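Coordinate inspection notes
What follows is each chain in one-letter form.
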Protein chains: 2
Amino acid sequence: MSASGDDDGVNPRLREERAGATVRPRALGTLIYGGEQSFGRMLEIQELMQCDPVFDTSDRPFLNHTQRYLRSAQKMGHFHTKMANMGLTEREFKWAYAAIDEVLPTDVHMAMVIPALEFQTSAEQRARWLPLAKSFKILCAYVQTELGHGSNVRGLETTATYDVNAQQWDIHSPTLTSTKWWPGGLGKTATHALLMARVIVNGKDHGISPFFLQIRDMGTHMPLPGIAIGDIGPKLGFNSTDNGFMRFHRVRVPRDAMLMGVAEVTPEGDFRRIPGGDKLAYGAMLDVRANLVIKASISLARALTIAIRFSAVRRQGFAGEGTATADERPVLDYPTQQRGLFPLLAYAYALHFTGERMRVDYEAYLHTLDQGALPALHATSAGLKALVTQTVADGIETARKLCGGHGYSHASGLPDASANYLALPTLEGTQQVLEPQMARFLLRGLAAARRGGGAPPAGCEYLASERQLLAGGASGAALDLLDPAVQLRLFQRRALVAVLALQVAVAELTAAGVDAAEALGRRAAEAGRAARAHCQLHLLQHFAAAVQALQAQASAGPCAAVINEREAAVLRDLCSLFALSTIEADLGQFRDQDTISSQDARQVLHLISDLCASIRPEAVALVDAFHFSDKYLGSAIGRFDGNIYPALMEWALREPLNASEVAESLPHIKLLVGTHPGARL
Amino acid sequence: MSASGDDDGVNPRLREERAGATVRPRALGTLIYGGEQSFGRMLEIQELMQCDPVFDTSDRPFLNHTQRYLRSAQKMGHFHTKMANMGLTEREFKWAYAAIDEVLPTDVHMAMVIPALEFQTSAEQRARWLPLAKSFKILCAYVQTELGHGSNVRGLETTATYDVNAQQWDIHSPTLTSTKWWPGGLGKTATHALLMARVIVNGKDHGISPFFLQIRDMGTHMPLPGIAIGDIGPKLGFNSTDNGFMRFHRVRVPRDAMLMGVAEVTPEGDFRRIPGGDKLAYGAMLDVRANLVIKASISLARALTIAIRFSAVRRQGFAGEGTATADERPVLDYPTQQRGLFPLLAYAYALHFTGERMRVDYEAYLHTLDQGALPALHATSAGLKALVTQTVADGIETARKLCGGHGYSHASGLPDASANYLALPTLEGTQQVLEPQMARFLLRGLAAARRGGGAPPAGCEYLASERQLLAGGASGAALDLLDPAVQLRLFQRRALVAVLALQVAVAELTAAGVDAAEALGRRAAEAGRAARAHCQLHLLQHFAAAVQALQAQASAGPCAAVINEREAAVLRDLCSLFALSTIEADLGQFRDQDTISSQDARQVLHLISDLCASIRPEAVALVDAFHFSDKYLGSAIGRFDGNIYPALMEWALREPLNASEVAESLPHIKLLVGTHPGARL
Ligand SMILES: Cc1cc2nc3c(=O)[nH]c(=O)nc-3n(C[C@H](O)[C@H](O)[C@H](O)COP(=O)(O)OP(=O)(O)OC[C@H]3O[C@@H](n4cnc5c(N)ncnc54)[C@H](O)[C@@H]3O)c2cc1C
Ligand SMILES: Cc1cc2nc3c(=O)[nH]c(=O)nc-3n(C[C@H](O)[C@H](O)[C@H](O)COP(=O)(O)OP(=O)(O)OC[C@H]3O[C@@H](n4cnc5c(N)ncnc54)[C@H](O)[C@@H]3O)c2cc1C
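Residues numbered from 1 in each chain as written. Chains lettered and ligands numbered in written order. Predicted model: local features only at pLDDT ≥ 70, side-chain atom pairs only at ≥ 80, totals over all residues. Heavy atoms only, no water.

Here's the deal with the overall build of chain A
This is how the line gets drawn: Going along the chain from the N terminus, every DSSP run of H or I of four or more residues is numbered as a helix, and every run of E of two or more is numbered as a strand. Radius of gyration means the value over C-alpha atoms here, while the globule rule gives 2.2 Å times the residue count to the 0.38 power. The buried label applies to any residue whose accessible area, calculated with a 1.4 Å probe on protein chains only, is under 20% of its type's maximum; exposed applies above 50%, and partly exposed to all values in between. We call two residues in contact when some of their heavy atoms are within 4.5 Å. Calculation of accessible area relied on Shrake-Rupley with a 1.4 Å probe; when residues are assessed, cover is drawn exclusively from the protein chains displayed. Positive charges come from Lys and Arg alone, negative charges from Asp and Glu alone, with His and the N- and C-terminal ends not counted. In this description, the location of a charge corresponds to atom NZ of lysine, CZ of arginine, CG of aspartate or CD of glutamate.
The number of helices and strands found in chain A is 24 helices and 13 strands. Whereas a compact globule of 681 residues would reach a radius of gyration of roughly 26 Å, chain A reaches 28 Å, a difference of no more than 12%. Across its three principal directions, the C-alpha atoms of chain A cover 90 × 85 × 60 Å. Out of the 681 residues belonging to chain A, those deemed buried represent 60%. Once local pairs closer than 6 in sequence are excluded, the contacts in chain A between residues at least 24 apart make up 73%. Accessible area for chain A stands at about 24,800 Å²; split by element, carbon and sulfur atoms hold 55% of it. Seen as two clouds, the 66 positive and the 70 negative side-chain charges of chain A have centres 4 Å apart.

Here it is in structure tokens:
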């Protein structure tokens, strides 16, 4: 921590930044990664994985989809073999996977198939399949989406027709559009499939159920007879995995290929759904979504680590009239750069605390299996999925743009980070499909609150405070916008106003005879607003509560606390910045029904500037806190040591075109310019 | 135009859409491409280029940067040879280049070098260099940016030191960071460079001036002695061009390598800038920026053509309880889809009319060389560059997301379109650097208007109407938000309020002793708002004026008009949608100082829905109007005939991984699953 000039190889600008910060990256890292021990272990595992040359990522920008898949298949084989030998806990396994930073062809096998085999099978099936899946003796794709249908699962066309005589299912793709399309790992890797198909028994359509079946020969790896499989080709991102297609021609599988935890069919062909059978799967979704929020925090923080370190090192523009490089200021000094980056930094922290809280909620649910809490948790997690993936995708792109030209080069690591993350807003449900789920829940919540039917679920208390909140609109007096209680009230009132506006808009239509679902569809704009407002309130609540707890611990003394009072105060600033920049971004809605006054709205701008200025000296330390290794960042401009220019040059020299002074383009050039040896202009 | 079911190979859904539209794509195409004759010629040239197999683009998604550059070099050689034989007009040449849809290594040669050689040279230099450049006998990069400096041109480090004795310049890169970095076509293609370097004469630093010099041998194409050149490696987009680096070690060039149109040096070493020498170059910038706005319109319309056609064909979700595919509605019916796509469609049209107007302004300027109009045109064009490139980049990405999973595949053509366009917000100046230019102009304009110094420049009249506009804030009565005059007044008042807020914010600081530039820097948020507000007003003005003129022509009768009254009315709806969706997006600012009331703000939402509903049946025709060929779109899901599913399947089969049933990943798979011939689960 010295700025004394002794040469540790770190760029002096970053040394200065680190010396000037008051928060301690180690302390914050300990907080982020769940305590001293687990933090240490995480770093250990990260190092262990990243020093393994098979997991090297530096060749990626030079490869096309075909090559990236093959490299990633190599990593897959090596990774799971290594894991089998290392005997890690489940959490450690997750760190190890995160550390190699590759969407392996087994990604969906781990994330979706294993939970499905766990929660949607009969005990017998579970015992038979799960160990094989968990030991990667079989590789299984999650096969739902078809060429013609994704969002609308009810519209899937693949059929599983029960043949009572043979006691078999006949799996068939009746149309081109029923071809399965997109499943990760399906194209060239998977030996098995967890398949969603339309169940037909005795000519009766029972809707969609999951099946588990082998799709390739375990010897030759050839597709089994009647099954056509392939890779769907290059994508924006996710090129390390073989998203695939699959078409069936009358393929026979045994009766119990159907997952019997959610539905059953007797040998005689009596089909029935098991009441409550999908509850566990439904619960498991909470875990998936909590992980999604944590990962969103990591993805955003990673882009910000690059952009903030770069902005601290990058000098561009003179303070005065000088032209000496030493007179130039780091671009991090520019208010525009700060206003671009720091609200996103606040957002990354907000996501971290919210995600951790969602994990706790999920564990509490697992303990009690209290179904009562489920609808609220579930609806909010859907709304958050829509909001968070979109915001983080935009945020990564903003961070990239704020690196100027260098952010446009793959040398920065940002194009790849952005391209991969951009799958997330689409995967597992688009915003347009998820927001109405949240909105429906809010309308039900409002109706229940008005009926006075018991306490509203946690996080929805505002729905029961209509009178007080509406009375508390903007008055003449200026608000103390830095007061956490004031911020919370503004978010609550704004959410309430949005839910009420939605309710009125929908009621108008239903009163005119439109059915409820259709009415909500037509009022999707209002529904989206309400969903966003609720979810942003949710983020603020969890962020603010975490900070408050940390402040209390810190002021209770060093023994009780991971971070000190100063650090807690900086987190408090970040929380305020989160609140105020959200208000600024959605000001129109906060001004609706005068939740905030015109005067206070202007004040918001100034306070954001002040908060940015006070976070400025801590910015590098606040991203250092996430402890991403240079290997993980894969960025010439985001390196810990800040020596970005030699790194950029070194990186460029890897480009194959530089292997010779004159490239194979020569004949095309000569076609135009001709050959004039020795000619000089 | 029949929906009678006769099989023209077009997907019935698109046939239906086209039959249901009232606007005629041909008439709108004639309008967009400047009259019957030029429209026809454009189509001819487009076809001529695209049927040439060398210009095939369908292999692109499968290539990495190295391969794409080599393919594009081939296209470059072929393109310029073909052009030399075809003898096109300048405008036709532009169409031909647009038609091949590739950023050639000669892109910057055409866009920036030729104008520089035209406007910044002495007559003698012009005569010597320009014919070579125009005939592509030399290939020249525009070499300004360095590893360490881009935005801050004053900070460039490359030196050109005059040696009086030899009457030569000594070009040198004194540091690693002075290495030239980014210039398009520099890496492996260019034979020459238009180089920005710091002029040093007799030890005195005269700032940055342009030089023209040879960098590779005209025989061997090897870099000349003392010059190191290379390619900077793969990028987010623009991979068809060889953005390069270049470093000089004491390279000698003759005295008149310096461009003598803007500055001169005598043989004895007297250096002087030529007064007014940069005026022409400054004017030429207007042309560049007008083209940028037109191209932005094309880029956005292209993405929308894909997304809107796809949305019309894509069925997803049942209207009622059914599950038959025929019952499913096209996603274009969903209000969310409409609210996502149609405001962007309105934006594409707004950009078209604004760009055309900027061209007219530029030509008027060329006629009169009236310097008076220049500052306003120039500042607005800088602000528009910042606003438009950002909005269009976001818009393309929105359109891509609205295609769900298929939008994430390169088969859609959208990832590539998006990645290439994303260079634009960064290239030639970032938003953070351009907006202050616009803001400074607005502050000067406001000060002039308050002094009463003559009529304000065109487009800035609102600055001189402080009193009237401020008096016209929201009153109790609801506004007619569809009235063009009302819309214009709202935009003017909002712009005025933003400029006033900026003025006050800056004045507070300058009163406290902060210097003006620094004050503007600190109030960048306010400056950005004012710049945006002004530019959005600018777009509305031009869009509305064009529509008004078209309405007048149309009502004067068919002889006078390209489009009919119905078409003009649809454009009027688009213009209203542009206005209202801008208000919605920036509602906080329109609510500032009550430019619009809370009630009217809510009305905006409803009116947007209504406008979307009325545009709905015209949407496909409105994108058909741009007449992009299938080859140009390069999209399996955006094809004219709407047969997206067979096209997706065909496209996927091109993936090299599908050349064999079992890929080279087999050993890695077997490492995990082992070999169990005949095993069945
Ligand atoms: C990288 C990647 C990996 C994937 N991996 C897998 C996998 O492993 N297994 C698998 O089965 N699938 C996978 N998918 C598919 C993915 O789940 C779907 O793409 C996603 O659910 C979106 O569905 P869609 O593609 O059908 O989009 P569509 O629904 O066709 O989307 C088109 C547009 O219509 C809108 N829309 C659709 N329905 C409605 C509605 N009811 N109301 C309003 N708007 C609507 C959408 O919001 C969108 O704007 C993957 C996709 C991607 C991109
Ligand atoms: C695809 C591509 C092609 C290119 N082609 C060429 C070419 O042919 N020839 C050539 O010479 N160059 C070329 N360039 C370089 C390009 O012109 C620069 O990248 C661009 O001007 C941005 O400058 P920068 O990279 O230095 O960004 P920086 O200025 O370093 O940007 C970093 C951040 O600092 C901010 N910032 C910088 N200065 C200020 C300020 N004064 N106030 C507030 N914020 C500030 C920026 O807005 C940005 O957020 C190309 C770049 C790209 C991406």
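What follows picks up the thread again.
Thoughts on helix α2 (residues 25–32) of chain A
Residue and element names in this part refer to chain A. Counting buried residues along α2, seven of its eight residues qualify, which places the element largely inside the surrounding structure. What α2 keeps buried is the set Pro25, Ala27, Leu28, Gly29, Thr30, Leu31 and Ile32. On its buried side, α2 packs onto α3 (36–50), α9 (335–368), α17 (524–555), α18 (565–585) and α21 (619–624). Immediately downstream of α2, the backbone of Gly34 shows phi near 75°, a positive value.

Regarding the site of ligand 1
So the rule is basically this: For this purpose, a residue is taken to be near a molecule or strand whenever a single non-hydrogen atom of the residue falls within 4 Å of it. We define a polar contact as two N or O atoms separated by no more than 3.5 Å, with the added condition that, inside protein, one atom must be a possible hydrogen donor and the other a possible acceptor, whereas residues neighbouring each other in sequence contribute only through side-chain atom pairs.
Around ligand 1 sit 31 residues in total, of which Tyr142, Thr145, Ser151 and Thr430 of chain A together with Arg314 of chain B are the nearest. Residues near ligand 1 are shared among chains A and B, making this a multi-chain site. Between ligand 1 and the protein, one listed contact pairs an oxygen atom with a backbone N or O atom of Gln144 of chain A at 2.9 Å. Here an oxygen atom of ligand 1 and a side-chain polar atom of Gln432 of chain A are 2.8 Å apart. For the shell around ligand 1, the secondary structure elements donating two or more residues are β1 (140–143) and α13 (431–451) of chain A together with α9 (335–368) and α11 (404–408) of chain B.

Considerations on the relation of the copies chain A and chain B
Basically, it comes down to this: Superposing copies: least-squares fit, C-alpha atoms only, residues required to have pLDDT of at least 70 in both.
Laying chain A over chain B is done by rotating through 180° and shifting 0.0 Å along the axis; what remains is an RMSD of 0.0 Å. A rotation of that kind, with that shift, is consistent with a two-fold axis. Identified as the residue of chain A closest to the rotation axis by C-alpha distance is Gly588 of chain A, at 2.0 Å. Most of the interface of chain A is mirrored in chain B, where 99% of its interface residues again form contacts.

Here's the deal with the domain arrangement of chain A
All names here are of chain A. Definition in use: Domain borders in the structure are assigned automatically or taken from a domain database. We define buried area as the total accessible area lost by two parts upon association, computed with a 1.4 Å probe and summed across both.
Taken domain by domain, chain A comprises domain 1 (12–108), domain 2 (114–275) and domain 3 (282–624). Between the C-alpha centres of domain 1 and domain 3 the distance comes to 27 Å. Of the residues lining the interface, 21 residues belong to domain 1; the matching set on domain 3 comes to 29 residues. Across the domain 1/domain 3 interface, buried area totals approximately 2,300 Å², and carbon plus sulfur atoms make up 56% of it.

A word on the site of ligand 2
What surrounds ligand 2 is a group of 31 residues, the closest being Arg314 of chain A together with Tyr142, Thr145, Ser151 and Thr430 of chain B. The side chain of Gln337 of chain A places a nitrogen or oxygen atom 2.9 Å from an oxygen atom of ligand 2. A distance of 2.9 Å is found between an oxygen atom of ligand 2 and a side-chain nitrogen or oxygen belonging to Gln432 of chain B. Breaking the shell around ligand 2 down by element, the ones donating at least two residues are α9 and α11 (404–408) of chain A together with β1 (140–143) and α13 (431–451) of chain B. The element that contributes the greatest number of residues to the shell around ligand 2 is α11 of chain A, accounting for three residues.

Let's talk about the sheet that holds strand β4 (residues 180–181) of chain B
Operational definition: At least two DSSP bridges between two strands are needed for those strands to be called paired.
Strand order in the open sheet formed by three strands is β4-β8-β7 (chain B), and the pairing between neighbours is antiparallel. Single-partner strands in this sheet number two, and they are β4 and β7 (227–231) of chain B.

What to know about the UniProt feature "domain: Acyl-CoA oxidase C-terminal" (unreviewed entry) in chain A
Applicable threshold: UniProt positions are given in the numbering used here, feature names are shortened, and annotations may be inferred rather than shown by experiment.
Taking the UniProt record as the reference, the feature "domain: Acyl-CoA oxidase C-terminal" (unreviewed entry) is found at residues 483–665 of chain A. Secondary structure over residues 483–665 of chain A splits into 71% helix and 0% strand, and the C-alpha atoms at its two ends are 64 Å apart.

Here we look at the UniProt feature "active site" (unreviewed entry) in chain A
All names here are of chain A. Within the UniProt annotation, "active site" (unreviewed entry) is assigned to Glu428. Looking at the element boundaries, Glu428 is found in the loop between α12 (414–421) and α13. The contact partners of Glu428, leaving out residues within four places of it in the chain, are Met112, Val288, Lys385 and Leu434.

Brief notes about the packing of aromatic side chains
What describes a pair of aromatic rings is the distance from one ring centre to the other and the angle between the planes of the rings. Our working definition: Any pair of Phe, Tyr and Trp rings, taking the six-membered ring for Trp, is counted once the centres come within 6.5 Å. Such a pair is stacked with planes under 30 degrees apart, edge-to-face with planes over 60 apart, and tilted for the rest.
Per the counting criterion, the structure on display carries 38 aromatic pairs over all chains. Between the aromatic rings of Phe626 of chain A and Phe628 of chain A, the centroid separation amounts to 5.8 Å while the plane-to-plane angle is 10°, which identifies the pairing as stacked. A residue is classified by how much of its surface remains accessible, and Phe626 of chain A, at 1% relative accessible area, is buried. Judged by centre distance (4.4 Å) and plane angle (40°), the ring pair of Trp129 of chain B and Phe212 of chain B falls under tilted. Taken together, the residues Trp129 of chain B in helix α7 (residues 123–134) and Phe212 of chain B in strand β6 (residues 204–214) connect sequence positions 83 residues apart. Take Trp129 of chain B: its relative accessible area is 2%, and that puts it in the buried class. Look at Phe212 of chain B and you get buried, because its relative accessible area is 4%.

Focus on the sheet that holds strand β4 (residues 180–181) of chain A
Either a parallel or an antiparallel arrangement is found when strands of a sheet pair, and the pairing is made through backbone hydrogen bonds. If you walk across this open sheet you meet the three strands as β4-β8-β7 (chain A), and the pairing is antiparallel. Only two strands of the sheet have a single partner each, and these edge strands are β4 and β7 (227–231) of chain A.

What about the pattern of salt bridges?
We apply this condition: The salt bridge definition used is simple: a Lys or Arg side-chain nitrogen within 4 Å of an Asp or Glu carboxyl oxygen.
In this structure the tally under the stated criterion is 85 salt bridges over all chains. The shortest N-O distance in the salt bridge between Arg639 of chain A and Asp641 of chain A comes to 2.9 Å. For Arg639 of chain A, a relative accessible area of 25% puts it in the partly exposed group. Its relative accessible area of 17% is what places Asp641 of chain A among the buried residues. For the salt bridge of Arg13 of chain B with Glu17 of chain B, the shortest nitrogen-to-oxygen distance reads 2.9 Å. Placement of both Arg13 of chain B and Glu17 of chain B in helix α1 (residues 12–20) is noted, with a separation of four residues, approximately one turn of the helix.

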